[in-house]
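# Observations on the model geometry
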Amino acid sequence: MSTPNTLSAQESSTSPVMGGVQLSTNDENEASQSKNAVELDNIEDDDTNPYGPKKRKRTSKVWMDFKVITLADGLTKAECIHCKHRLAYNKNSGVTSHLIRHSKCCVRKKVNESGQKNLSVIPTISESETVSTVHNFKYDQAKIREILSHMIVVHELPFIFAEYELFNLLMKNATPHYEKISHATTRKDCITSYEIEKKKLMAELKQVNRVSVTTDLWRSDQKVSYMVVTCHYVDSSWNLQKRNLNFCEVPPPHTGIVVCDVLNKCLVEWGIENKVWTVTVDNAAYNDVAIRLLKENLSYKNSLPLSGKLFHVRCCAHILNILVQDGLSEIQNIISNVRDTVKHISASEHRIKMFSEIAKQLQLSSKKLIMDCCTRWNATYFMLSTALEFKDVFPRYQQRDPTYNSLPSDEDWDKVIVVCSFLEEFNEVTHIISGSEYPTSNLFLPELYNIKKLLKNTNVGEDSFMADMIKKMKNKFDKYWGDGNLLISIAAVLDPRNKMKLIEWCFPEIYSEVDAFEHIVTVRETLRNLYNEYVEAHKKNIGEKDVQSESQKESSNCTSNIVSGKTKGKVRAQFANYIKNVDSVEQVKSELEVYFEEGVVFCEDDQEFDALSWWKMNNLKFRILSKMACDVLSIPITSVASESAFSAGGRVIDPYRANLGVETAQMLLCAEDWLRARYQIKRKAKGNLELKQIHLT
């Protein structure tokens, strides 16, 4: 908290805000009066000896305005914290009547409480750092506790942070009114903040028409399996939002039934079980069973859009990982050699120093090596591309270290060059579709076209290993994307830069001529059916609103109509309302047809184009279609948003907090996500998947 800026030197000498700050030479007279007293550091008499008999605590509220001091001659006095006036004090009698009388008439206390003479310049996060606003200052301990709890949660600090000595010294210097907060109180405040933010989020989700969900499982160092449930939706301002709803324990065994039960419980808890229309998961076998059972449960009473054809969304990033990993198996020996090389060099500081000296002799600009995660292909790509820059260092290092025996050959490095060049396009695709702050479902079809074209047109030449690698990747491509994907096709069409033209252009490249024609027809029919469902829902919504408005009008005008007998025009008004509603829905041409006939939208900078913003601007023109586009574009095609929560989980549930309860872990991780969204605090981008990096000296 910033120190309030007072109006003048005269006011600063009398302001309670300056009471605990070191006084200037102009205030020597006042300071000399306080030299005769020795404060007890705000520790009450009954707490001076923690090992002595426990004495009765003071219960009178008057002690909020007084403190006990000991004078130089040994006398104890009760001193007003506002005006510094001293009154008699007898710890044995416990009489406080005279203190209460002074508290009621203390002028300085009244000034402090009104806050009229204290002005503070308070910068806000949302405003510019150079622009501040001036407010009347009044110290609020409750507000300090609230913001402190937010800081603890957002920055993943321990509860005991509030008791750190230097933190309390900082706060005391910022304002002498600050009262120390215990770690137990901090924990309670964090729980309170979690509950408040949860109520706000539940109220916001009530206003949303459709939501999409991503989920994944993670096993912590506690050997506890957690499920994270992330909700994706578009708010009233047409901004894409994502929130972690739950970070809950999943009991073993992790079968599809268990996962379904836990996920269904989370949806019911948040009251969104009738609003979920897609669930994005990876390709684990238990997920297929879980999503099938969940789909049956949710469609038991309420029909899903398109009868649930879009309900199960397979994570495209996971499929891409399987596809590339299958291809990389052709050079597994080379990858193992590079991985063993990085492990060998990073095993000791002496080896790193020796390797760094050789790199300096060759005047290489690169300063680090990367250790990959063998389950992620792009981590392997980063390791290979980084090691490739040091290919001339490794032979020289082997001459100095006889224990090093994993040196790749020149032929191996030639293969690494070819593979890294080939995988560069795949890395770019993964980066594009892994975002969670912008729509991704409308971006993947052009990238899918590029992948298919790359696999088809890559000239393998005499590299037989590349031919085998591409053959394996083609087989995986046809397995997962050979039959088409309705979601990415529909989302691409609802991007005004594409419409049906993109489908008609790229499908013949991705599929055979016959299959391409069938897929185009399927996409067009599916779009029409989905649009018709939204039209019916719109009619039903208008009908319900009309019934409510008519009943309200009839109840309010019933008495006046009976008295005056004026019923003329009532039927005509109802008919006019009917015509208005029918004309707005049943047009000569549907909104979908008008959307297709207008042609595609051209923009100079595709990277800055936001499809949701376009639909927001054209909301009045496409009242129904814009709602459908809003819901479709909010569907994530990867589960990266849920997986990113595991990184925070690994930091919060670290070895030093191994006994952290499941409910406490959920409170900390979910509240952190909500409060970051509230304060618009984004995580700093950490490149290369937060992989282990070996920095050279």
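My aim in this report is to walk through the structure given alongside it, one point at a time. Quantities reported herein were computed from a predicted structural model and do not represent experimental measurements.

## Points about a negative patch on the surface
Residues D392, D410, E411 and D414 make up a contiguous surface patch of negative charge. Structurally, D410 is set in helix α15 (residues 410-433).

## Quick look at the pattern of salt bridges
In the structure shown here, the tally under the stated rule is 24 salt bridges. Linking E79 and R86 is a salt bridge whose minimum nitrogen-to-oxygen distance equals 3.1 Å. E330 is the salt-bridge partner of K472, the closest N and O atoms lying 3.0 Å from each other. Highlighted residues: K472 in helix α17 (residues 464-481) and E330 in the loop between α10 (316-328) and α11 (332-345), separated in sequence by 142 residues. Residue class for K472 comes out partly exposed when judged on its relative accessible area of 30%. You can call E330 partly exposed: its relative accessible area is 29%. Taken together, the shared-partner salt bridges in this structure form one network comprising E156, R651, E672, R676 and R683.

## Notes on the environment of A491
Structurally, A491 is set in helix α18 (residues 486-493). Overall, A491 belongs to the buried group, its relative accessible area being 0%. Taking the C-alpha atoms as reference, A491 lies 9.8 Å from L527; in sequence the two are 36 residues apart. Residues contacting A491, with those up to four places away along its chain left out, are S441, N442, V632 and L633.

## Re the packing of aromatic side chains
Remark: the centre distance and the inter-plane angle together describe each pair of aromatic rings, the angle taken between the planes. The final tally for this structure, using the stated rule, is 30 aromatic pairs. Measuring from centroid to centroid gives 6.5 Å for F247 and F646, while their planes differ by 65 degrees, and the two rings are edge-to-face. Pair noted here: F247 is in strand β9 (residues 240-249) and F646 is in helix α25 (residues 640-652), with a separation of 399 residues, a long-range link. Accessibility classification places F247 together with F646 in one group, the buried group. Considering the side-chain rings of W377 and Y381, the 6.2 Å spacing of their centres and the 50 degrees angle between planes classify their relative orientation as tilted. Highlighted residues: W377 and Y381, both in helix α13 (residues 377-388), separated by four residues, approximately one helical turn. We note that W377, like Y381, is buried. Grouping aromatic residues by their ring pairs yields a cluster made of F355, F390, F394, Y397, Y404 and W413. Seen from the ring of F465, K415 lies directly overhead, with NZ or CZ sitting 5.2 Å from the centre.

The rules we used
Residues numbered from 1 in each chain as written. Predicted model: local features only at pLDDT ≥ 70, side-chain atom pairs only at ≥ 80, totals over all residues. Heavy atoms only, no water. Patch = residues over 30% accessible without salt bridge, like charges linked within 9 Å, V, L, I, M, F, W, Y side chains within 5 Å. Areas by Shrake-Rupley, 256 points an atom, 1.4 Å probe, with all protein chains shown as cover. Salt bridge = Lys/Arg side-chain N within 4 Å of Asp/Glu carboxyl O. Lys, Arg positive; Asp, Glu negative; His and termini not counted. Charge placed at Lys NZ, Arg CZ, Asp CG, Glu CD. Helix = DSSP H or I, 4+ residues; strand = E, 2+ residues; numbered from the N terminus. Buried < 20%, exposed > 50% of the residue type's maximum accessible area, 1.4 Å probe, protein only. Contact = heavy atoms within 4.5 Å. Phe/Tyr/Trp six-rings, centres within 6.5 Å; stacked < 30°, edge-to-face > 60°. Lys NZ or Arg CZ within 6 Å of the ring centre and 35° of its normal.

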